[in-house]
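A look at the structure
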Amino acid sequence: MPELPEVETTVRVLRPTLTGREITGLHTEWPPHVATPPLPEMVVRIKGQTITSLDRRGKYILLHLSGEGTLIVHLRMSGHLAVVATDHPRHKHEHTILTLAPRPETPHIQEELRFRDQRKFGRLYLVQDPVEIVGKLGPEPLDENFSAADLQRLVAGRKRQLKPFLLDQSIVAGIGNIYADEALFYAGLHPLRQTDTLTEEEVNRLYTALRQVLLMGIEREGASIDLYVKPDGSRGDMQNAVVVFRRQGLPCFQCGRSIVKIRVGGRGTHYCAHCQPLPEDQP
DNA sequence: ACCGGAGCCTGTTAGC
DNA sequence: TGCTAACAGGCTCCGG
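Rules behind the numbers
Residues numbered from 1 in each chain as written. Chains lettered and ligands numbered in written order. Predicted model: local features only at pLDDT ≥ 70, side-chain atom pairs only at ≥ 80, totals over all residues. Heavy atoms only, no water. Core = buried A, V, L, I, M, F, W, Y, C linked by side-chain atoms within 4.5 Å. Buried < 20%, exposed > 50% of the residue type's maximum accessible area, 1.4 Å probe, protein only. Helix = DSSP H or I, 4+ residues; strand = E, 2+ residues; numbered from the N terminus. Contact = heavy atoms within 4.5 Å. Phe/Tyr/Trp six-rings, centres within 6.5 Å; stacked < 30°, edge-to-face > 60°. Domains from an automatic or database assignment. Buried area = accessible area lost by both parts, 1.4 Å probe. Salt bridge = Lys/Arg side-chain N within 4 Å of Asp/Glu carboxyl O. Polar contact = N/O pair within 3.5 Å; in protein donor to acceptor, adjacent residues only side chain to side chain.

Further remarks concern the nonpolar core. Grouped together as the largest cluster of nonpolar side chains are 35 residues, with contacts concentrated most on Leu-151, Phe-165, Leu-166 and Leu-206. Elements represented by at least two residues in this core include exactly helix 4 (148-155), helix 5 (162-167), helix 6 (177-187) and helix 7 (200-219). Of all the elements, helix 7 adds the most residues to this core, at nine residues. Setting aside chain neighbours within four positions, we find Leu-166 in contact with Val-172, Ile-175, Ala-180, Leu-184, Leu-206 and Leu-210. Among the nonpolar cores identified, the runner-up in size contains 24 residues, and Leu-14, Ile-46, Leu-75 and Leu-81 belong to it.

Enumeration over the complete set of coordinates arrives at three aromatic pairs. A ring pair is formed by Tyr-60 and Tyr-125, whose centres lie 6.3 Å apart and whose planes are at 55 degrees; its orientation type is tilted. Taken together, the positions of Tyr-60 in strand 4 (residues 60-65) and Tyr-125 in strand 9 (residues 123-127) put the pair 65 residues apart, joining distant regions of the chain. Residue classification places Tyr-60 among the buried residues on the basis of a relative accessible area of 16%. Consider the rings of Phe-146 and Tyr-207, whose centres lie 5.8 Å apart with planes at 40 degrees: the pair is tilted. Here Tyr-207 lies in helix 7 and Phe-146 lies in the loop between helix 3 (131-134) and helix 4, a separation of 61 residues in the sequence. One exposure class covers both Phe-146 and Tyr-207, and it is buried.

With that settled, the discussion passes to the domain arrangement of chain A. Under the domain assignment used here, chain A contains domain 1 (4-134) and domain 2 (148-271). Between domain 1 and domain 2, the C-alpha centre-to-centre distance is 29 Å. Between domain 1 and domain 2, roughly 1,400 Å² of surface is buried when both sides are summed, and carbon and sulfur atoms account for 69% of that area. Summed over the shared surface of domain 1 and domain 2, the result is zero salt bridges. There are five residue pairs in polar contact (both at pLDDT 80 or more) connecting domain 1 and domain 2. Mapped onto the side of domain 1 that touches domain 2, the elements with two or more residues apiece are helix 1 (4-18) and strand 6 (79-85). If one sorts the elements of the side of domain 1 that touches domain 2 by residue count, helix 1 sits on top with nine residues.

Set out below in structure tokens:
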């Protein structure tokens, strides 16, 4: 499932190939992919637009367009973007296609941006102002301006289990199930820990752990655990560095005891009961 | 404010 | 062996 590091990797790979490219058309075999505006309007408005730059905000991919609008892509569970030659065989789950004008230096090579999405949860949005879509997101955890004090402020006044707290995109953007579990392990915090019981030192640990696992994920170009692969189809490397995610029954790298799996807020949650203890006075 | 559950999807896996 | 049911999870919406 693409989270911040997977989306960041996708953007970094696509940026050189997509910057400056003109979109000549949009075609979809799965209309629900187009969230807004309605499909016919999307088709008309996207045509002829040039991609001026690419950005990431949380788990959203932002393609800024010459017409002052922004095409936003969310990969959700199984989304995958790649620029491929038009005559390349179509993959079964490539439901939405953005055709591209050839690069000036290779006018004979026809390419297109393909949105592959096995689970069909992905979405496209074309908006004048990205704030319409990403405005509800919390701060970027890797932003240089995001400090431990900021996380302290986000924790303050909230009474919530840590795991759902981390997955809430309106608090901090980009964290998903893998990196939440990984960060909690490095912070030595139990996923059911209530936010209002955290000490300043514990929040500082969480802050450091969050940034550490997200940076590790980016360095390793994402975790190819389920369907995620890089745009070129190659695998990331973060799956070889996870310490708790989907490691239930396997020994903790720190203490050797078995990693356990529970459900928290409907999500599979993996942790080491010894290294991430829940204080006696917590429910 | 927060929690749990349903719903959206399909491929894989667990269980009978 | 073959079928069905459960599971995986990012996000939104709903009711409590």
